[in-house]
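These are the residues of each chain, in order.
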Amino acid sequence: MNWTLEVVVVPVSDVDRAKEFYADRLGFVVDHDTKISDDVRIVQLTPPGSGCSIVIGRGAVPNMAPGSLKGLQLVVPDIEAAHTELVKNGVTVSDVQVVGENPRPTPHPLDNVGFVFFDDPDGNSWAVQQISARG
């Protein structure tokens, strides 16, 4: 039996600001933006190439403190290109960092160990890791 992770709820304080950040700065695809009532709105966004989406909203999502989600992780085939794109799009992002050592040779020296880190406008924290085989 396959168990696939399909959606992660990201707690935010301002849905429009978060939608702009994830769609316009990170390039996530807006799958839908559904306003059910004045108090209920659900926005689903998917990172390009991902099988898992994020949901932001109000009213119909779990009540979590904005910015309380830590350690979300994206994987890219080229961390240096990802860093350049994030900076170009106005995201405050760390420099490329090497975290740990590879236990075996890899196609690229940054595979598995190359990371950048950033926060969304509410302080939810993200890591981006290089695994070139995913490209």
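Structure: see above.
Note that the structure is a prediction, hence the values are computed from the model and not measured. (Residues numbered from 1 in each chain as written. Predicted model: local features only at pLDDT ≥ 70, side-chain atom pairs only at ≥ 80, totals over all residues. Heavy atoms only, no water.)

Chemist: Please explain the environment of Leu5 as it appears in this structure.
Modeler: Along the chain, Leu5 falls in the segment before strand E1 (7-9). For Leu5, a relative accessible area of 61% translates into the label exposed. (Helix = DSSP H or I, 4+ residues; strand = E, 2+ residues; numbered from the N terminus. Buried < 20%, exposed > 50% of the residue type's maximum accessible area, 1.4 Å probe, protein only.)

Chemist: Could you clarify how one ought to interpret the nonpolar core in this entry?
Modeler: Residues Tyr22, Phe118 and Trp126 are the most contacted members of the largest nonpolar core, which totals 26 residues. For this core, the secondary-structure elements that each account for two or more residues are helix H1 (15-25), strand E3 (40-46), strand E4 (53-58), strand E5 (72-76), helix H2 (79-88), strand E7 (114-119) and strand E8 (125-130). Element by element, the count of residues in this core is highest for H1, at 5 residues. Ignoring anything within four residues of it in the chain, the contact list for Trp126 reads Val10, Tyr22, Phe28, Ile54, Leu72, Gln73, Leu74, Val116, Phe117, Phe118, Asp119 and Asp120. (Core = buried A, V, L, I, M, F, W, Y, C linked by side-chain atoms within 4.5 Å. Contact = heavy atoms within 4.5 Å.)

Chemist: What am I meant to see in the sheet that holds strand E6 (residues 97-98) here?
Modeler: The strands making up a sheet associate through backbone hydrogen bonding, with each pair oriented either parallel or antiparallel. Spatially, the 4 strands line up as an open sheet ordered E5-E8-E7-E6, and their pairing is mixed. The open sheet has two edge strands with one neighbour each: E5 and E6. Taken together, the 2 bridges between E6 and E7 define a ladder with antiparallel strand orientation. Of the residues in E7, the one forming a bridge with Val98 is Gly114. In the packing of H2 onto the sheet, contacts are made with E5, E7 and E8, and the angle to E7 comes to roughly 20°. (Pairing = 2+ DSSP bridges. Axes fitted to C-alpha atoms, helices over the stretch in contact; angles between N-to-C directions.)

Chemist: Looking at this model, I keep getting lost on the pairing of strand E2 (residues 29-37). Mind explaining?
Modeler: Within a regular beta strand, the side chains point alternately toward one face of the sheet and then the other, so they alternate between its two faces. Pairing of E2 with E3 involves 7 bridges; the strand directions are antiparallel. When the bridges of E3 are listed, Thr34 appears paired with Ile42. Taken together, E2 and the strand that follows it, E3, pair antiparallel across an intervening segment of 2 residues.

Chemist: Would you take a moment to explain the sheet that holds E4 for this structure?
Modeler: As summarised here, the arrangement of the 4 strands in space is E1-E4-E3-E2, forming an open sheet in which the pairing is mixed. Every interior strand has two partners, whereas the edge strands, E1 and E2, have only one. Between one strand and the next, the sheet's axes are offset by a mean angle of 20°, whatever the strand orientation. One ladder, built from 3 bridges, connects E1 with E4; its direction is parallel. The residue of E4 that forms the bridge with Val8 is Ile54. Here H1 sits on the sheet and contacts E2, E3 and E4; the angle it forms with E3, its principal contact strand, is near 10°.

Chemist: Help me understand the layout of surface pockets, please; the structure alone is not making it clear to me.
Modeler: If a probe the size of a water molecule is rolled over the atoms, the empty space left behind becomes visible. Within this model, the largest pocket holds a volume of roughly 700 Å³. Looking at the lining of the largest pocket, the elements with two or more residues in it are E4, E5, H2 and E8. Looking at the lining of the largest pocket residue by residue, the class counts come to 19 nonpolar, 6 polar and 4 charged. (1 Å grid on protein atoms, 1.4 Å probe; cavity = no way out; pocket = protein on both sides within 12 Å on 5 of 7 lines; lining within 4 Å. Points joined across faces, edges and corners; volume = space filled by probe spheres on them. Nonpolar A, V, L, I, M, F, W, Y, C, P; charged D, E, K, R; others polar.)

Chemist: Is there a simple way to think about the side chain of Asp120 in this case?
Modeler: Along the chain, Asp120 falls in the loop between E7 and E8. For the buried Asp120, no salt bridge exists, and the shortest N-O distance to an oppositely charged side chain is 6.7 Å, to Arg17. A polar side-chain atom of Asp120 sits 2.9 Å from the main-chain amide nitrogen of Asp122. For Asp120, the side chain forms a polar contact with the side chain of Asn124, separated by 2.8 Å. (Lys, Arg positive; Asp, Glu negative; His and termini not counted. Salt bridge = Lys/Arg side-chain N within 4 Å of Asp/Glu carboxyl O. Polar contact = N/O pair within 3.5 Å; in protein donor to acceptor, adjacent residues only side chain to side chain.)

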